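Here's the letter readout for the chains.
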Amino acid sequence: CGTDQGCTNVIRDGKMQDIILVGSGGCMREIVWQMQEQNKSTENWNILGYVDKMPPEEHSSVIVGNEAIKYIGNDDYLLARTELTNVAVCVGEPKLRKKIVEKLKNNKNIIFPNIILGDTRICEDVQMGKGCIISMDARISTNVTLGSFIFMNTGSKVCHDGKLGNYVTLSPDVTLAGNVIVGDNTEIGMGANVIQGITIGTNTVIGAGSVVVRDVEDHCKAAGVPAKAFR
């Protein structure tokens, strides 16, 4: 993906890579399913288990398809790891994802790979940080810059010359037209569309189904067709 930090599935020498997932909710289960689908054609990820503050039921596994993802502990389990460990933070809400990442960064043995899933199309000149999860059927066009720990859900699209900050979440079927800028910790709801040249600020939420035709300031919510901002 044209970045020295790597925009790959961290597959070295054709070997399947072990990974631990953080979270147990719907976002985590969606990602497990997509990994399962990807492994049908190319064996990429071996999920060792998941960590969470508390499992859905004590010491329970999360069932996705025919696979049981076992609970292996809370954050302290990862903080105590003494070997290099791939970790994916499977949490959709930007501020919570950031809080978890900042805590886990205290262990230098934790690696946050970029995870590219399914039938994704990404231009070779895209620049990407680390810890991003790009879901199946996502599209990222030319000269796009992505920060770190971005979550692009299924069918989301970023057109030419876009720039996304850190911890941005694009819900399913979001479309950002060309030259759109999105600030850190911002979440854009399902099916929202943003016209070309728009800037959306930091710590902002765009409602599902909205059409954004004007810039949105920091620390705002915006919703509607066309979207109207309010604090």
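Heads up: the structure comes first, above all this text.
Residues numbered from 1 in each chain as written. Predicted model: local features only at pLDDT ≥ 70, side-chain atom pairs only at ≥ 80, totals over all residues. Heavy atoms only, no water.

Novice: So, the packing of aromatic side chains: which residues are in play, and what are the values?
Specialist: Applying the stated criterion across every chain, the model contains three aromatic pairs. Ring geometry for F112 and F149: centres 5.1 Å apart, planes at 80°, overall edge-to-face. With F112 in the loop between strand 7 (110–111) and strand 8 (115–116) and F149 in the loop between strand 13 (145–146) and strand 14 (151–152), the pair connects residues that are 37 residues apart, well separated along the chain. In terms of burial, F112 and F149 fall into one category: buried. (Phe/Tyr/Trp six-rings, centres within 6.5 Å; stacked < 30°, edge-to-face > 60°. Helix = DSSP H or I, 4+ residues; strand = E, 2+ residues; numbered from the N terminus. Buried < 20%, exposed > 50% of the residue type's maximum accessible area, 1.4 Å probe, protein only.)

Novice: For helix 1 (residues 26–41), give the residues involved together with the corresponding values.
Specialist: Helix length check: helix 1 (16 residues) gives 24 Å between terminal C-alpha atoms against 22 Å at 1.5 Å per residue, within 8%. Residues of helix 1 that are buried include every one of C27, M28, I31, V32, Q34, M35, Q36, Q38 and N39, and no others. (Expected span 1.5 Å × (residues − 1).)

Novice: Help me get a handle on the sheet that holds strand 24 (residues 211–212), residues and values and all.
Specialist: If you trace the six strands from one edge of the open sheet to the other, you get 9-12-15-18-21-24, paired in parallel fashion. Only two strands of the sheet have a single neighbouring strand rather than two, namely strand 9 (121–122) and strand 24. (Pairing = 2+ DSSP bridges.)

Novice: Go over the layout of surface pockets with me, naming the residues and quoting the values.
Specialist: Estimates place the volume of the largest pocket at around 310 Å³. If you trace the largest pocket, you find it lined by V22, G23, D52, K53, N74, D75, D76, V91, L96, K99, I100 and K103. For the lining of the largest pocket, the element with the most residues is helix 3 (residues 94–104), which contributes four residues. For the lining of the largest pocket, the class distribution of residues is four nonpolar, two polar and six charged. (1 Å grid on protein atoms, 1.4 Å probe; cavity = no way out; pocket = protein on both sides within 12 Å on 5 of 7 lines; lining within 4 Å. Points joined across faces, edges and corners; volume = space filled by probe spheres on them. Nonpolar A, V, L, I, M, F, W, Y, C, P; charged D, E, K, R; others polar.)

Novice: Describe in detail the sheet that holds strand 10 (residues 127–128), supporting the description with residues and values.
Specialist: Taken together, five strands build an open sheet; the order of strands is 10-13-16-19-22 and the sheet is parallel. The two strands at the open ends of the sheet, each matched to only one other strand, are strand 10 and strand 22 (199–200).

Novice: Pulling in residues and values, what's your account of the pattern of salt bridges?
Specialist: Summed over all chains, the structure comprises six salt bridges. Across the salt bridge formed by R121 and D119, the nearest N and O atoms sit 2.6 Å from each other. Classification of R121 as partly exposed rests on a relative accessible area of 48%. Among the ionic contacts, a cluster of salt bridges with common partners joins D119, R121 and R139. (Salt bridge = Lys/Arg side-chain N within 4 Å of Asp/Glu carboxyl O.)

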